[in-house]
Amino acid sequence: MIKFSKQQLKIPQMSKPVYLVTGGMSKFDRAIPEKRTEELVIDAFLEAAEFIKKSPEELKKYIHSCYYGHFADHFGDQLLGEAVIHDRLGLDPLGNVGIKTGGATGGSTIWEAYKAVASGYSDTALAMGWERMDEVPTDEGNHYIASAADKDWETPMGHIYTGYYAVMAQKYWQVFGKEEESFRRTLAEIAVKNKGYARMNPHAQSPMKITVEDVLNSPIVAHPLRALDCCLMSVGASCVILADEKTAYEMTDNPLLLYTSAGSHTLRVADRRDMAIPLLPNESPDQYKDLGVRFPGGDRYPGFTGFLAARMAAYYAYGMAGIVDPTEDLDLVELHDAFTISDIQTYEDIGIRPYGEGRTYVESGDCYHTNPFTGQPGKLPANLSGGLIGCMHAVGATGIMQVIEVAQHIWGRWSEMHADEAKWKRFNRVKPDDWTDLQVKGAKRGMAISHAGVGSHVTATVLVHPDHQLKGRG
Amino acid sequence: MTTQNRGTVKVENGRYRVTGNFHYAYPNEPIRDESGKLLGITNPADMTHIHAYGGEAPFFENLSNAKLLGTKCANPKCETYGSVYIPYRIHCPDCLMRNEEVDLTELARKGASVHTFMITERTGAFNTLEKPIRFVNVEFEGVSTILMGYLSIGEPKIGMKVVPIFQTKNPTFTIMDLSWVPAGTSAADLPEGFAF
Ligand SMILES: [Zn+2]
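What counts, and at which threshold
- Residues numbered from 1 in each chain as written.
- Chains lettered and ligands numbered in written order.
- Predicted model: local features only at pLDDT ≥ 70, side-chain atom pairs only at ≥ 80, totals over all residues.
- Heavy atoms only, no water.
- Helix = DSSP H or I, 4+ residues; strand = E, 2+ residues; numbered from the N terminus.
- Rg over C-alpha atoms; globule rule 2.2 N^0.38 Å.
- Buried < 20%, exposed > 50% of the residue type's maximum accessible area, 1.4 Å probe, protein only.
- Pairing = 2+ DSSP bridges.
- Contact = heavy atoms within 4.5 Å.
- Buried area = accessible area lost by both parts, 1.4 Å probe.
- Salt bridge = Lys/Arg side-chain N within 4 Å of Asp/Glu carboxyl O.
- Donors = N, O, S within 2.8 Å, 3.2 Å for Na, K, Ca; no water.
- Tetrahedral: all angles 85-135°; square planar, octahedral: opposite > 155°, others 65-115°.
- Axes fitted to C-alpha atoms, helices over the stretch in contact; angles between N-to-C directions.

Draft legend 1. Quick peek at the overall build of chain A. In terms of helices and strands, chain A carries 19 helices and 11 strands. The C-alpha radius of gyration of chain A comes to 21 Å, within 12% of the 23 Å expected for a compact globule of 474 residues. Expressed along its principal axes, the backbone C-alpha trace of chain A runs to roughly 60 × 50 × 45 Å. Here chain A holds 474 residues, and the buried ones make up 65% of them.

Pasting the structure below:
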């Protein structure tokens, strides 16, 4: 049983506010044989510089320390790869450090850069993430990813990470999904949505115009998950520049306030002991009393159905930014849709919906850019980038890509960054004839969740337009 | 290129003594596109690692003796005194005192059931299990944790009673020496090398 002390539940108090100044990303794809990793990293950096009309030299002059997210050394077969990237970016002799927290690596990289700026160590910091998952065949890639599970207790069983998560999917499917065909279709809707949004994103690796039936007929991975329910394996890079207030306004006239928090839970799901549900600001102590009655088998928390790490990250971030109800207080989110079903689990962990009711976020149409039932703007659009299912999962870059995508909406520059014919051409991709502008009109606040595997690490990054801060922030 | 005389390791006077080969070198091969342009090279690697089980060694040793060992916090001052763990935890996660070993074999034979499971045809490189794989996450009465394993016989279901089986003949001294079968399975049906 985890019992929290008062100290552990403290809402983080930063010494000074931190701003997101700019961000950029490379093309993402399953394999990019013609480029070295450092070329992709430079592509991302150049886009970030160009976004605020600075030359790379001008932007580099502001940077004081560097945070590099790259999860799997095994894939690139280069230890201290961060030092290679740092040199190729011409940022020596500034201090730099590598960060690796599995699927949450991108978010954790921002977390580190955030603290560097908030503490006053650096006025400006670079958070850059990348992954190179094309340097081994897929089955060896699966073995490497499975090495991020416990090597003695889990990896020898199948060497397949998907399997270690799929047992959670199975439990959620039976307990909260009640094995209903309607729930299975709701899962498929998430894949249809995210693959579809990816069609509007020139960076995206897997744009697809598909139907629920296509998802339900795709090859089975592990019941109830099918191939189109699962995230991609990708190559690519993304970066953001964070700065304190004074420096941020020197670099751009429109920086965004940024708050990042982190939570964790055991690497092996096996070790998760039963505990009381920690509550978010929009929940009451009574509301989960009958959870096990409404959903038989759902009384063990977090069991195999919830991600405590996500809940903790949300708890801290909401306190820091003053969020009470994420659906009301935020205008869009980018979630870690590693699998359609883990996406639903996350809606509950971060309080978009109460535990047991995650599916209604999709079924109400709230998660869409345009609610398909009303034709009105979705209440809280999710994963307009295409997410991990449609855009990419270049692990170290993923959490950073999500933050950039959210920011571009708040900046009102999403269309500019996604419609550009030259970019589509540069990436050797065809812009669809029915390309649609997904800009969330009037977006002021958004959040990105970065998440590792079965939930060992999760970060929450909240972006707020400085003119639209919430009351009650920490 | 030979891969004969693969390395083995002994410990003498607290030091690793290695004999045989721990790696084999193979030549790189060029990677080219359709036009013959050089894009990269292959980097073959064949190495053996040396891995210490440390305080968990009794668990892996005893699987081959048909024993399932867990541990228990034995510190009366601990908030979670008496909590029982499998996977075997060397130290209590709360007080960090060294846990006491407990034999969970009988408990597992009587009171183990499937908390959740999954079936997959997909595996990664180096997999040794027959496909499809059936993972089962097994819960025990009075134990704080839920152990991951694989089912060797039958189809898994949540709530199904299962019993452990152990690879007592030619054990691997890994977690693969432990598997699960439905309660009531007859000894004659067990996979080669496994016993109750
Ligand atoms: Zn203890």
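Draft legend 2. How the structure looks around the sheet that holds strand 5 (residues 69-72) of chain B. All names here are of chain B. With respect to topology, 3 strands assemble into an open sheet ordered 6-5-7, the strand pairing being antiparallel. The sheet terminates laterally at strand 6 (84-85) and strand 7 (100-103), the two strands that pair on one side only. Sheet topology places strand 5 next to strand 6; 2 bridges connect them, and they run antiparallel. Looking at the pairing, Thr71 lines up with Tyr85 of strand 6.

Draft legend 3. Focus on the interface of chain A and chain B. In this assembly, 37 residues from chain A lie in contact with 42 residues from chain B. In total, chain A and chain B occlude about 3,400 Å² of area from one another, counting both sides; carbon and sulfur atoms represent 63% of this. It is Trp153, Met157 and Arg273 of chain A in chain A that bury the most area against chain B; as a group they hold 23% of the surface buried on that side. Summed over the shared surface of chain A and chain B, the number is 2 salt bridges.

Draft legend 4. Representation of the coordination of the zinc ion. Residues and elements named next belong to chain B. At 2.3 to 2.4 Å from the zinc ion lie its protein donor atoms, namely Cys73 (SG), Cys78 (SG), Cys92 (SG) and Cys95 (SG). Geometry at the zinc ion is tetrahedral, judged from its 4 donor atoms and the angles of 105 to 116° they form at the metal. Look at where the donors of the zinc ion fall in the sequence and you get C-x4-C-x13-C-x2-C. Separated by 17 residues along the polypeptide, Cys78 in the loop between strand 5 and strand 6 and Cys95 in the loop between strand 6 and strand 7 bring together distant segments of the chain.

Draft legend 5. Region of interest: the sheet that holds strand 10 (residues 445-451) of chain A. All names here are of chain A. Judged by pairing direction, the sheet is mixed, and its 9 strands sit side by side in the order 3-2-4-7-1-8-11-10-9 without closing on themselves. Sheet topology places strand 3 (95-99) and strand 9 (332-334) at the edges, where each strand pairs with a single neighbour. On average, each strand axis in the sheet is inclined to that of its neighbour by 25°, with strand direction left out of account. The pairing of strand 10 with strand 11 (residues 457-464) spans 7 bridges and is antiparallel. For Ala448, the partnering residue across the bridge sits in strand 11 and is Thr461. Helix-sheet contacts for helix 12 (residues 308-321) involve strand 8 (256-264), strand 10 and strand 11, and the interaxial angle to strand 8 is about 150°.

Everything listed is a geometric property; what it means functionally is a separate question.
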